[in-house]
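Understanding the architecture of this molecule
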Amino acid sequence: MFGKKFVSELLDSHAVEHRPNGSYRLYYQALLNPRIGKAKFAMKCQHCEKNAIFHITELTDPSGPTLIHLCEDHARVFFHTGESLETASALSDLLSKQLQLEKAASELAQTDKKTCPMCGITFSEFRKGGRLGCPYDYVVFEEDLEPLLMNIHGAQKHVGKVPKNLGGTPKRHFQLKRLRSALQRAIEGENYEEAGAIRDKISAVQSGSLELDDHEMELLELEEEFQSLPDGLPEIQDEDQLGDDELDDEELDDDEELDDDEELDDDEELDDDEELDDDEELDDDEELDDELDEDALDDQLDDDIGGDDAKEDPDVK
Amino acid sequence: MGWCNLKIDDLTQRTGEWMRGDGPESDIVISSRIRLARNLSDFPFIRKCSTKQRAQIAAAVQLAFDRCEIGTEAEYIDVSKLGDLDRQFLMERQLISHELSDAEGTRAVILDPNERFSIMVNEEDHLRLQVMQSGFDLEHGWSRIDKLDDTLETHLQFAFTSKFGYLTACPTNVGTGLRVSVMLHLPALVATKQIEKVFRALGKINVAVRGLFGEGSQFMGDFYQISNQTTLGKSEGELIQRVQQVVPQLIDYERKAREFLMNEDRADLSDLVSRAHGILKTAKKISSEETMHYLSKVRLGINLGLIEGLTIPTLNKMFIHTQPAHLQKLRGRKLSGSDRNTERANYLQQHLN
């Protein structure tokens, strides 16, 4: 039911245990047969974070083989008690692992986009193919490689032989690449003084007496990016860009309009100023008027009442 | 290629280092092998190299080789110019890998005619240095390859950072770039069904087990290749020591298992060996898998004194000569599968009777 070739491949490469219930259990160690499962990196135990050293293929379920990966401790339990995957603890362990994986998915998408400026490989390309593109990848992807290396080797730092000839670090090669591009640009732009200075830098980096700092590297990268843009900003009045006479006329009209507008603006400005002045004047006048009116009204009131001083205006004394 | 083909044909008649059948513990340990992976610092890794870059890398290595004192007899062989048969021949001798043979573009191998070292160019990494030795001996192997590495380094610059060590295309090789492996013949452990216990024990200490002819292969002829699993975080000496410590234990288990078979199961064992010997002597047609299977039993028989008149070196010669490409080279022409099986049987009959 699993396919004759698949089963024979499994049987050939695994140690086979015939279970009492008639099913088979096959197991193999670590890198025994990398063809099956295509395990390129060390697997983790299904129940904990330790490395799995037992890989068990169960052929009991008609729907297909079940792969189980266990560390030494959990394997001991497994073999001893004859647990199967249906136990509650195993299921819940699997579920929690699933959640952990989902949480990291968005972060992974971000990391996957990282690209090496030397060889152009993306982190996602590396993950799919299992191979890096160039030595500089170990600089670009440093942070992301650390946990992977820990998983594979149980270590992140090299211990052991060091070459006598230490000159060829990936960082140096990358800096030289950027400097050479800058040199090219300087020569093309006929900035020979700058070209000389860059040449000196190149020699210094090659000999190891100079290392460019992050700021300088950023500047070089920005310059390279700008190189791909057209020179300066696009100009509307540039006749060379346009081929039509009609367009030229339209341009002129536009210009006139602009001028008119500007004039209007100027006028408006003046008007505004004048208006302001007028307003101020008006306010003053209005105030005066109000006062006058009040007095006039008071007089009228007095007249109406009969000239008596029966009600004296408190303000007027 | 004139001289190139001659050299390979020369090899046909020789048994080569790893099959010599002498060296320490050679009744159980067939060979010891150490490999280093290196990449040139100013090129991308192989997969991202253009055709031109591959040619440039090979040229740089060839130039370095010409200038170095690697070995007066060693030859630079352009693998891309070899025919199918010659490439398969080199694979059977474990001088090149399957990957190098099948790859495209400029690739090469620098070969010692005594087959004690080979340097693959443009395989998974730019350079794969390898030293081989008959029997169990890793110390001498390490000092030889260390020296080879230093020598090449005087004319080439290797990709290296102090943090991650020697940089390789695959992170599983980064750091030391070292793979140390020992090939063992364990027929008694297989016959007494203890081989699984051995796997478990090895797994606990990060030692990998593979079949004959390397990665992904089956356990043909009761040959098992054990090697280190990790390459980063431990020094070369420590990695070698780990494998070195394990081998004597394995040798001990195998010897005990052989003793057991002789004492408890002598009749069955004798029968097993005789039958194997008999089939090899009388078959009219036989496949290479069958041959390897029976030769393994005969080898055990010789080691236990159950078969006389046959030595291990002769057996090793038969083992290699019955491989498909070797058979055809001996015959001097290509043969179909069926013809090969007949030819193989003829060869065995000739040499066993």
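Since we're looking at a predicted model, the values are computed, not measured. Residues take numbers from 1 onward in each chain, read along the sequence in its written order. Each chain is given a letter, starting from A, and each ligand a number, starting from 1, according to the order in which they appear as written. Only residues with pLDDT of at least 70 get local features here, since the model is predicted, and only at 80 or more are side-chain atom pairs given and counted; chain-wide, interface and lining totals rely on the full set of residues. Side-chain calculation: all heavy atoms of the structure are included, whereas hydrogens and water are not.

1. Remarks on the overall build of chain B
The number of helices and strands found in chain B is 13 helices and 10 strands. The classification of residues rests on relative accessible area computed with a 1.4 Å probe and restricted to protein chains. Under 20% of the type maximum is buried, over 50% is exposed, and intermediate values are partly exposed. Here chain B holds 353 residues, and the buried ones make up 60% of them. In chain B, once contacts between residues fewer than 6 apart in sequence are set aside, the share between residues at least 24 apart is 70%. The helix and strand labels rest on DSSP assignments: H or I over at least four residues marks a helix, E over at least two residues marks a strand, and numbering proceeds from the N terminus. Contact definition: two residues touch when any of their heavy atoms are within 4.5 Å.

2. Focus on the overall build of chain A
Along chain A, the regular secondary structure elements total 10 helices and four strands. For chain A, the α and β elements follow one another from N to C terminus as α-β-β-β-β-α-α-α-α-α-α-α-α-α. Of all 317 residues assigned to chain A, the portion counted as buried reaches 27%. A fraction of 44% describes how many contacts in chain A between residues 6 or more apart in sequence connect residues 24 or more apart. To be clear on the numbers: accessible area is Shrake-Rupley with a 1.4 Å probe, and residue cover counts the displayed protein chains and nothing else. Total accessible area on chain A stands at roughly 21800 Å², and carbon and sulfur atoms take up 50% of it.

3. So, the pattern of salt bridges
Every case where a carboxyl oxygen of Asp or Glu lies within 4 Å of a side-chain nitrogen of Lys or Arg is listed as a salt bridge. Applying the stated criterion to the full structure yields 29 salt bridges over all chains. Across the pair B:Asp149 and B:Arg38 runs a salt bridge whose closest N-O atoms are separated by 2.8 Å. One end of the pair, B:Asp149, is in helix α5 (residues 139–153); the other, B:Arg38, is in strand β1 (residues 29–38), with 111 residues separating them in the sequence. Each of the two residues, B:Asp149 as well as B:Arg38, counts as buried. Taken together, the shared-partner salt bridges connect A:Lys161, A:Lys164, B:Arg38, B:Asp146, B:Asp149 and B:Asp150 into one network.

4. Thoughts on the nonpolar core
Residues enter a nonpolar core if they are buried and are Ala, Val, Leu, Ile, Met, Phe, Trp, Tyr or Cys, with the set joined through side-chain atoms within 4.5 Å. Membership of the largest hydrophobic core comes to 62 residues, with the highest contact counts inside it found for B:Ile34, B:Ile119, B:Leu127, B:Val182, B:Leu184, B:Ile226 and B:Val247. When residues of this core are assigned to their parent elements, the largest contribution, 10 residues, is made by helix α8 (residues 236–264) of chain B. These domain limits were set by an automatic method or by a database of domain assignments. For this core, the two domains that each supply at least three residues are domain 1 (5–258) and domain 2 (265–352) of chain B. Core analysis: the next-biggest nonpolar cluster, separate from the first, contains 34 residues, A:Cys116, A:Leu176, A:Leu183 and A:Ile198 among them.

5. What about the confidence of the model for chain B?
Across the chain, each position has a pLDDT score giving the predictor's confidence in that residue, from 0 to 100. Considering every residue of chain B, the mean pLDDT works out to 89; 95% of them sit at 70 or more. Both scores are given for the predicted complex: the pTM is 0.69, the ipTM 0.88.

6. So, unusual backbone geometry
All names here are of chain B. A positive phi angle is found at glutamine 94, which is not glycine, with a value near 60 degrees. When you line up the elements, glutamine 94 lands in the loop between α3 (84–92) and α4 (98–102). One non-glycine residue, asparagine 122, adopts positive backbone phi at about 65 degrees. Looking at the element boundaries, asparagine 122 is found in the loop between β4 (117–121) and β5 (127–134).

7. Some thoughts on a nonpolar patch on the surface
There is a patch of nonpolar side chains on the surface, built from A:Leu219, A:Leu222 and A:Phe226 and spanning about 310 Å² of accessible area. You can see A:Leu222 is positioned in helix α9 (residues 214–226). Here a patch means residues that are over 30% exposed by relative accessible area and free of salt bridges, tied together within 9 Å if like-charged and within 5 Å if nonpolar (Val, Leu, Ile, Met, Phe, Trp, Tyr).

8. Observations concerning the side chain of B:Asn173
Residue and element names in this part refer to chain B. With respect to the helices, strands and loops of the structure, asparagine 173 is situated in the loop between β7 (165–166) and β8 (178–185). Residue classification places asparagine 173 among the buried residues on the basis of a relative accessible area of 3%. Each polar contact in these results corresponds to two N or O atoms within 3.5 Å; when the atoms are within protein, one needs to be able to donate a hydrogen and the other to accept it, and residues that are neighboring in sequence are counted only if both atoms are side-chain atoms. A polar atom in the side chain of asparagine 173 sits 3.3 Å from the side chain of arginine 35.

9. Some words on the interface of chain B and chain A
Taken together, the contacts link 54 residues of chain B with 51 residues of chain A. Note on chain B versus chain A: buried area summed over both sides is about 4700 Å², and carbon and sulfur give 59% of it. Here the buried area means the combined drop in accessible surface, using a 1.4 Å probe, for two parts upon being joined, counting both sides. Three residues stand out in chain B for area buried against chain A, namely B:Phe160, B:Phe164 and B:Pro171, and they jointly supply 14% of the buried area on that side. The salt bridge involving A:Lys161 is made with B:Asp150; its shortest N-O contact spans 2.9 Å. Our count for the chain B to chain A interface comes out at 19 residue pairs in polar contact (both at pLDDT 80 or more). When contributions to the side of chain B that touches chain A are tallied by element, the ones reaching two or more residues are α5, β6 (160–161), β7, α7 (195–204) and β9 (207–211) of chain B. Sort the elements by how many residues they give to the side of chain B that touches chain A and α7(B) lands first, with five residues. Note on residue classes: Ala, Val, Leu, Ile, Met, Phe, Trp, Tyr, Cys and Pro are nonpolar, Asp, Glu, Lys and Arg are charged, and everything else, Gly too, is polar. Residues that form the side of chain B that touches chain A fall into these classes: 20 nonpolar, 17 polar and 17 charged.

10. As for the packing of helix α7 (residues 170–188) of chain A against helix α8 (residues 192–207) of chain A
Residue and element names in this part refer to chain A. At their nearest, the axes of α7 and α8 sit 9 Å apart, and the two run at 165 degrees to each other. Our classification of the angle between α7 and α8 gives roughly antiparallel. Considering how the two elements wind past one another, α7 and α8 form a crossing that is left-handed. Between α7 and α8, the residues in contact are Arg172, Gln175, Leu176, Leu179, Arg180, Ala182, Leu183, Ala186 and Ile187 and Tyr192, Ala195, Ile198, Arg199, Lys201, Ile202, Val205, Gln206 and Ser207, respectively. Looking at the contact of α7 with α8, its residues break down into 11 nonpolar, three polar and four charged. Interaxial angles span 0 to 180 degrees and are taken between N-to-C directions of axes, which are lines fitted to C-alpha atoms, for helices over the stretch in contact. Note on terminology: angles under 35 degrees are roughly parallel, angles over 145 are roughly antiparallel, angles of 65 to 115 are roughly perpendicular, and the others are oblique. Helix crossings are classified by the rotation of the near helix relative to the far one: an anticlockwise turn of less than a right angle makes the crossing left-handed, while a clockwise turn makes it right-handed.

11. Side note on α7(B)
All names here are of chain B. Every buried residue of α7 is listed here: Ile195, Val198, Phe199, Leu202 and Gly203. Seen end-on, α7 carries its buried residues on one side only, within an arc spanning 135 degrees. In α7, the exposed residues that point more than 90 degrees away from the buried face are Lys197 and Lys204. At the C-terminal side of α7, asparagine 206 shows a positive phi close to 60 degrees. It is the directions from the helix axis to the C-beta atoms that the arc portrays.

12. Section: the sheet that holds β1(B)
Residues and elements named next belong to chain B. With respect to topology, eight strands assemble into an open sheet ordered β2-β3-β4-β5-β1-β8-β10-β9, the strand pairing being antiparallel. Among the strands making up the open sheet, the edge pair consists of β2 (75–78) and β9. Each strand of the sheet is rotated relative to its neighbour by a mean of 20 degrees, with strand direction disregarded. Two elements, β8 and strand β10 (residues 223–228), share five bridges in a ladder whose sense is antiparallel. Among the inter-strand pairings, leucine 184 is bridged to a residue of β10, identified as tyrosine 224. Helix α2 (residues 51–67) contacts β2, β3 (108–111), β4 and β5 of the sheet and is inclined by roughly 165 degrees relative to β2. Should DSSP find at least two bridges between two strands, the strands are regarded as paired.

13. Thoughts on the side chain of B:Asp149
A residue is classified by how much of its surface remains accessible, and B:Asp149, at 0% relative accessible area, is buried. What B:Asp149 contacts, discounting residues up to four positions off in sequence, is A:Lys161, B:Leu36, B:Arg38, B:Leu129, B:Phe158 and B:Tyr166.

14. Observations regarding α5(B)
Residues and elements named next belong to chain B. Taking 1.5 Å per residue, 15 residues should reach 21 Å; α5 reaches 21 Å between its end C-alpha atoms and fits that length. Taken together, the buried positions of α5 are occupied by Gly141, Trp142, Ile145, Leu148, Asp149, Leu152 and Glu153. One face of α5 carries all of its buried residues, which in axial projection span an arc of 130 degrees. In α5, the exposed positions that point more than 90 degrees away from the buried face belong to Glu139, His140 and Lys147. Any helix carries an expected span of 1.5 Å times its number of residues minus one.

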